[in-house]
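Report on the structure
What follows is each chain in one-letter form.
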Amino acid sequence: MKKLLLLSFILVVTLLQQAIAQGKTVSGTVTDAESGQGLPGVTVLVKGTQVGTATGVNGNYTINVPEGSNTLTFSFIGYNTLERQVGNAATVNVALSVNNKQLQEVIVTGYGTTNTIANTGAVAQIKAAEIAEVPVASIDKALQGRVPGLQSVGASGQPGSAQQVRIRGIGSMTASSEPLYVVDGVPINSGDLSRNTTTANALAGINPNDIESITVLKDASAASIYGSRAANGVIVVTTKQGKAGKTKFNASAETGFSKRAYFNENTRPLNSEETIELASEAYLNNSLYRDFYQLTQDNIRDFILTRYGIDETVDTDWYDEVSQQGKYSQYNLSASGGNEKTQFHVSGGYFDQEGTIKTSAFERITTNLSVNHRATDKLTFGTNMMIASAKQSGPGNSGLFRNPILSSLFLTPYTSPYTEEGDLNLFTGLYNPLAIFEYDKDQNHTLKGIGSINAAYNITPNLKITSKFGVDYNNLEEDTYRNPFYGDARNTGGSATRFYTRYFNWVWTNLLDYTWDVNKDNKYVATLKGGYEAQKSSYYSSNVTSNNLPLNTNFIVPSVGAVPITASGTQADYTFASLLAIGDFTYDGKYVLSGSFRRDGSSRFGSENRYGDFWSVGASWNVDQEEFIQDLGWIDQFKLRASYGVNGNAGIGNYEWRYVYDYGIDYNGQVGAAPTSLGNPGLTWEKNKPFDLGVDLAFFQNRLTVTADYYTRETTDLLLREPLSRTTGYSTYIDNVGAMRNSGVELAVSGTPVQVGDFRWDLSFSITKNKNEIVNLIEDEQIVSPFIRKVGEDYQTYYLPVWAGVDPENGNPLWYSNEEQTETTSTWSQAKYVVTDKSATPKTFGSAGTTFSFKGITLDALFYYNFGNHIYDPYYRYLNSGGAYIGSYGQRATELDRWQQPGDITDVPRNTYGGTNAYQPSTRILNSGDFIRLRDVTLSYTLPSTWTEKVKLNNVRVYARGTNMYTWVKDDKLAYDPEAGGVGGLTNFDIEIPKTVTFGVSLGL
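Reading the values: rules and limits
- Residues numbered from 1 in each chain as written.
- Predicted model: local features only at pLDDT ≥ 70, side-chain atom pairs only at ≥ 80, totals over all residues.
- Heavy atoms only, no water.
- UniProt positions renumbered as here; feature names shortened; annotations may be inferred.
- Helix = DSSP H or I, 4+ residues; strand = E, 2+ residues; numbered from the N terminus.
- Rg over C-alpha atoms; globule rule 2.2 N^0.38 Å.
- Contact = heavy atoms within 4.5 Å.
- Areas by Shrake-Rupley, 256 points an atom, 1.4 Å probe, with all protein chains shown as cover.
- Lys, Arg positive; Asp, Glu negative; His and termini not counted.
- Charge placed at Lys NZ, Arg CZ, Asp CG, Glu CD.
- Polar contact = N/O pair within 3.5 Å; in protein donor to acceptor, adjacent residues only side chain to side chain.
- 1 Å grid on protein atoms, 1.4 Å probe; cavity = no way out; pocket = protein on both sides within 12 Å on 5 of 7 lines; lining within 4 Å.
- Points joined across faces, edges and corners; volume = space filled by probe spheres on them.
- Nonpolar A, V, L, I, M, F, W, Y, C, P; charged D, E, K, R; others polar.
- Phe/Tyr/Trp six-rings, centres within 6.5 Å; stacked < 30°, edge-to-face > 60°.
- Buried < 20%, exposed > 50% of the residue type's maximum accessible area, 1.4 Å probe, protein only.
- Lys NZ or Arg CZ within 6 Å of the ring centre and 35° of its normal.
- pLDDT = per-residue confidence, 0-100.
- Pairing = 2+ DSSP bridges.
- Axes fitted to C-alpha atoms, helices over the stretch in contact; angles between N-to-C directions.
- Salt bridge = Lys/Arg side-chain N within 4 Å of Asp/Glu carboxyl O.
- Patch = residues over 30% accessible without salt bridge, like charges linked within 9 Å, V, L, I, M, F, W, Y side chains within 5 Å.

For the chain, the name recorded in an unreviewed UniProt entry is TonB-dependent receptor, with Pontibacter anaerobius as its organism. In the Sequence similarities (unreviewed entry) part of its UniProt record, the chain is described as follows: "Belongs to the TonB-dependent receptor family." For the chain, the Subcellular location (unreviewed entry) comment in UniProt is given as "Cell outer membrane".

What follows is the structure, encoded as C-alpha cells:
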C-alpha cells in the first residue's frame, strides 16, 4: 500500500509539473493582409521550440505556448514571415502580407485551396470585380474573353438564355461537352433544364453579384479530382463570405437600354419597290411565264402588282414591327461582418431585362446567406444558402411560323400588319407576329436553390475532418397557350399545356485533411486529403394538354379545355459513389509534386463497367525561389508546370446501358409495353487524357505577367452508335468506340506599361489556338449534313459541293464537278460533294483589354475576337432564292447584285422565277465567322474618400457601361450576328445578341 501511495504521489507531482510547463493556450486567426480572407495551412511555431501547428480551413489556429516562451512565428509559402509577442493575450490575430518575390495568391481549386507556389495545374481565377454589374443574367456569359482556352458563345439574345461553354475544345461527339459547375463545393445541374422554353439557363438563377471568385480548372492536375465529370473542365464558383470586423453594407443600382448589336445593310430585307423590281425581272427571265402571259417591260409591273395583290403605298419594315428597345435594371443590397467567432454575409438582388424582341423578358429575385461559426477551438461549422425565383417569357425560334425573327424576314414588305380599320391583319400569308404577340402566351417560372451545411473538426493541430452536405434544387413551371382562332392551334380550337419539372440533386462529402510540416520550418511540407462522396440526382416531370378552349383569351390553363389530349409524367435518377484522395509535397517552396486519385461508381454505366479509376500527377518548379534568381530583382515569378492524368465524361442519359421497355404502347385499349433500347451492360466512361506544359512569369514588381500553356487532350472510348443487323430489331446500339484529340496553345499577357503619379495604364492580351481532330471511328466516315465525321478531320468539318461562282455569259450558277476542282457544272445534282477546308470550329480566339485610371477616374475596355470558323445558314434557300420564292417570301438585299446581262461579273446568279438551284447546299452558303467585338467598355468615377466620409460612406462609385458596343466582321455578306451559329455553326433564327448601355451607382457603408 505504501509503495502504491508513493507511486501515486510521484505521478501527481509529475503531472502538475508538466501542466505548469505547458503554459497557456493561445488561439486566433491568420488572414491575408490585403483581402482579409482566412489563410489555411499557415505554420504557427512557438519560437525556440518544436511546438507548432497549422491553421484550419478559415485560417483559425489553437496552440499551447510553454512556460517561458512568448513569441509566435507565422510562416506561409508566398508570404512574409511574421513574429508576434504573446504577452498575456489569449487571442492573437495576425495578417500576413504577400512576399512579392513569391507572388502569393490563394486559389480555390477542387475540394480546397492552394496557392501560386504550391499549384501545379492550369487554372484561371476571375475575381468578383470582373463579373459584378455586368448586364447579363448568368455567370457563363460574363466569362467570355476572360479565360484563355475557354470559349463562351451565346447563340441567342433572349434574356436568361443558355450559353455554350467549351474548355480546350469539343471533348465528345454524343456525350456532353459542357464543363462541370461546382458552387461552394456542390456540383450542380447546368444548361437548359426547361422542356418548353426556347432557351433557358439554370445558371441564370445565380446572381453574379453574389460571387467572390470563379476558378476554371483546365488540366488533369487541377480537375481530375472530380473524376468521371472532369473531362470538359471544371468551373468552381465561390460565393461571398463574411469577414470579422465592422458590419459593411453595400448597395448598387443600375439601369439601361439595349438594341441588337449587329446589323448588316448588305443582307437587309428588300423593301417593296426592290421586291417588285426583282419579281418583274424574275418573270421576264422565265421564258415559259414570259411567253404564256406575253410579258414585256411595258406590262410586267402591272402584272406583278395584280398577281400578288400589291398595294404600292405599303412598305412594311417587319423587323421594326417585332422589335423594341429593351429595358434593363438591376438592384443589389448586401451586408457582411461578424466577430472572431461568427461571420456572416447576406444579400438580396433584383434583375429585370427586356429583350430586343417583343415579349422576350427575364425577371429574377435572389437572396444569398452565408454564416460561419467557430464553436470551440476545434469545431467550426457553417451554412450557405442561395435562393432565386425567376420568370422568363419569349417567342419561338428556328423554322416555327410563330417565330417573329423568321416572320420579320419571310413576310413580304408590301403586306401590312394592320387592316384599313386599324385591326390586326390576320391574312398575311405566314402568321402575323403582332397577332401572335397579342393572343399567345409562353411563360417559364423557375425556383432555384443551392444550399449546404458544413462542419470541420481539428482532431489534432495538423489533422482535420470535414463534412459537407449540399443540395441543388430546380423547380420549373411552364405554361403554353395557343389561342383558338389564329395561329398554330386554330384547327384544334386552341391549345393549353402545362409542364411541371423538378430536379433535386444532393451530395454528401466527407474528408480527412492532414498537413505535415516535417521540420516545422516550412521547408518540407506535405498536404494530404482523402475521403468519400455520394451524390444522387432525381428528375420528376408531368404535363397535361387540352384543346378546344374558350374564345376568351384570358382563360389559358388546360382545365378550361373541352378536349383533354395528353396527361403524362416521367421520373428518372442517377447516382455517384466515390473514393478520392489528393495531395502535394513542397520542398523549400521550390519543387512541388502533386497527385490525385478518384474511384467513381455511377448508375449511368453498365453493370460490367460501373466503376472507373481517374488520376493525375503534376509537378512544378518555382525557379524564382532559387538563389541564382533571387538576386535578380526584376524577376518576381518564374514557374514551370507539367501535368498528366485521366478523367472521364459521364454526361449521357441515365439508362443508356439498360435494356429498356416503354409502356404506353397500348393495344385495343389494353396496357402494352415494347422494347425501345437494346442497351449495353459493358458500357463505360469516355476517358479524357489531358497533358499540359505551362510557364508562369512575372517581372518588374509584377508590372508584366505572362502565362503560357501547351496542351493535348485525347478522348478515347467515345460513346457512339455502332451499326447492328436489323434482324435484331435495332439498327444501332451504343458502345465505346472512337477517339478524338484536341491540342493547342494558350497565352495570356498583362502589364502596366505606364505608372506615373496618379496615372496608370494597364494592358492585357490573351490568345488560344486549338486544333480538333478525329483519331478513330467505327466507320471511316459519317455524314451528318452539312458536316462529315472523318478520321484526320476536325469534328465540325463541312461536307458540301464547292461553289465555283457565276457564268458571266448566261448568269447560271456554277459548282465544281470533280474533287480536283478543275471542271464546273451548272447542274447542281452533278456537283461533287467534298471534304472542305472549312469548319465550324474557330482556329483562334481571345481577348485584348486596356484600362486607364487617374485620380478615381477609370476607363476600362475589353475586346473579344474569334477567327477561323465558318457559319452555315440552313434557311438560306428561302431568303436568297434567285427567284424561286420571290413574291412568296421576303428576299435579302444580296439579291440586288444578281447577274443581269452577258459579261456581268458577280457571285449572285441570274434571277429567274422558279429559281436556278443556286440556293442548294454548297460552300456558297458558308460565311466566315471572323469577328472582333468591343465586349465591354466602362467609364467610372470613384469619389474621393474625403468627400464620402462627410456623409458616413466608405465609397461611392458612379459609372456608365456599354456591352457589345461595336462589332467588326470580315465577311460583308454575313447576315446574322457572328455568334448566332453557336458552337455548332448553324444559325436558327434566334433573337439577336443585344448591345446594352447602362448607368449605375454603387455605395459602401
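For the chain, the helix and strand inventory stands at 13 helices and 51 strands. Relative to the globule expectation of 30 Å for 1005 residues, the C-alpha radius of gyration of the chain, 33 Å, shows essentially globular dimensions. Across the chain, every contact between residues at least 6 apart in sequence was considered, and the portion connecting residues at least 24 apart equals 69%. On the chain, roughly 43,000 Å² of surface is accessible, and the fraction owed to carbon and sulfur atoms is 55%. Looking at charge distribution, the chain has the averaged site of its 82 positive side-chain charges lying 9 Å from that of its 101 negative ones.

Attention now moves to the side chain of Asn866. Looking at the secondary structure, you find Asn866 in strand E46 (residues 857-867). In terms of polar contacts, Asn866 uses its side chain to reach the side chain of Asn869, at 2.6 Å. If we skip the residues at most four places from it in the chain, Asn866 touches Gln151, Pro842, Thr844, Phe845, Gly929, Asp930 and Phe931.

To continue, consider the layout of surface pockets. For the second largest pocket, the calculated volume is near 1,100 Å³. Lining the second largest pocket are 50 residues, with Ser176, Glu178, Ser190, Gly191 and Asp192 sitting closest to its centre. Secondary structure elements with two or more residues in the lining of the second largest pocket: strand E13 (180-183), strand E14 (186-188), strand E24 (495-517), strand E25 (524-547), strand E26 (563-587) and strand E29 (635-649). For the lining of the second largest pocket, a count of residues per class yields 19 nonpolar, 24 polar and seven charged.

Our next topic: the packing of aromatic side chains. Inspection of the entire model under this criterion finds 51 aromatic pairs. A centroid spacing of 5.7 Å and a plane angle of 20 degrees characterise the contact between Phe76 and Tyr79, whose relative ring orientation is stacked. Accessibility expressed as a relative area gives 3% for Tyr79, which makes it buried. Where Phe401 meets Tyr431, the ring centres are 6.0 Å apart and the plane angle is 85 degrees; that geometry is what we call edge-to-face. Of the two residues, Phe401 is situated in the loop between strand E21 (379-393) and helix H9 (404-410) and Tyr431 in the loop between H9 and helix H10 (433-439); the sequence distance between them amounts to 30 residues. Accessibility expressed as a relative area gives 40% for Phe401, which makes it partly exposed. Given the relative accessible area of 18%, Tyr431 is considered buried. Every member of this aromatic cluster is reached through a ring pair, and the members are Phe410, Tyr875, Tyr878, Tyr885, Tyr889, Tyr919, Tyr976 and Phe989. In this arrangement the basic side chain of Arg364 is found over the ring face of Phe351, its NZ or CZ atom lying 4.9 Å from the centre. Positioned above the aromatic ring of Tyr878 is the side chain of Arg877, whose terminal nitrogen or guanidinium carbon lies 5.9 Å from the ring centre.

What follows concerns the confidence of the model for the chain. Low pLDDT means the predicted atomic positions in that stretch should not be read closely. This prediction gives the chain a mean pLDDT of 91; 97% of its residues lie at or above 70. Residue range residues 1-21 is modelled with pLDDT below 50. Its contacts to residues more than four positions away, or to other chains, number three contacts.

This part covers empty space enclosed by the protein. Applying the stated rule across the entire model yields 13 cavities of 30 Å³ or more. By volume, the largest cavity is sized at about 220 Å³. Along the wall of the largest cavity there are 21 residues; nearest its centre are Val136, Lys141, Ser156, Ile993 and Pro994. Listed by contribution, the elements that provide at least two residues to the lining of the largest cavity are strand E50 (955-969) and strand E51 (994-1004). Grouping the amino acids of the lining of the largest cavity by side-chain chemistry returns six nonpolar, 12 polar and three charged. The computed volume of the second largest cavity comes to approximately 170 Å³. Along the walls of the second largest cavity sit 18 residues, with Ala200, Asn201, Ala202, Asn444 and Thr446 positioned nearest its centre. Each residue belonging to the lining of the second largest cavity can be placed in one class, and the counts come to eight nonpolar, nine polar and one charged.

Moving on to the sheet that holds strand E4 (residues 60-65). On the basis of which strands lie adjacent, the open sheet formed by three strands has the order E4-E1-E7 and mixed pairing. Here the strands that pair on one side only, and so sit at the sheet edges, are E4 and strand E7 (94-96). Neighbour-to-neighbour, the strand axes of this sheet turn through a mean angle of 35 degrees, independent of strand direction. Of the pairings in the sheet, the one linking strand E1 (residues 24-32) to E7 comprises three bridges and is parallel in character. Its bridge partner lying in E7, Asp32 is registered against Leu96.

Where charged atoms from two side chains of opposite charge approach closely, those side chains can pair. Going through the model one piece at a time under the given rule, you end up with 42 salt bridges. Arg482 is the salt-bridge partner of Asp442, the closest N and O atoms lying 3.2 Å from each other. One end of the pair, Asp442, is in strand E22 (residues 441-460); the other, Arg482, is in strand E23 (residues 463-482), with 40 residues separating them in the sequence. Taking the relative accessible area as the measure of exposure, Arg482 reaches 13% and is therefore buried. Note that Lys970 and Asp930 form a salt bridge whose closest N and O atoms lie 3.9 Å from each other. With Lys970 in the loop between E50 and E51 and Asp930 in the loop between strand E48 (926-928) and strand E49 (931-942), the pair connects residues that are 40 residues apart, well separated along the chain. Take Asp930: its relative accessible area is 9%, and that puts it in the buried class.

This next bit is on a nonpolar patch on the surface. Together, Tyr514, Trp516, Val518, Leu528, Phe585 and Leu593 make up a nonpolar patch on the protein surface, roughly 550 Å² of accessible area in all. As for its placement among the helices and strands, Trp516 is situated in strand E24.

With that settled, consider the UniProt feature "domain: TonB-dependent receptor plug" (unreviewed entry) in the chain. With numbering aligned to this structure, UniProt lists the feature "domain: TonB-dependent receptor plug" (unreviewed entry) at residues 119-234. Within residues 119-234, the helical portion is 10% and the strand portion 24%, while the C-alpha atoms at the span's ends are 16 Å from each other.

With that settled, the discussion passes to the environment of Pro909. Residue position: Pro909 is located in the loop between helix H12 (876-879) and E48. Sequence separation between Pro909 and Tyr111 is 798 residues, and the spatial gap between their C-alpha atoms is 61 Å. Apart from the residues lying within four places of it in its own chain, the contact partners of Pro909 are Trp803, Val806, Gly811, Pro813, Arg898, Trp899, Thr916, Ala918 and Arg924.

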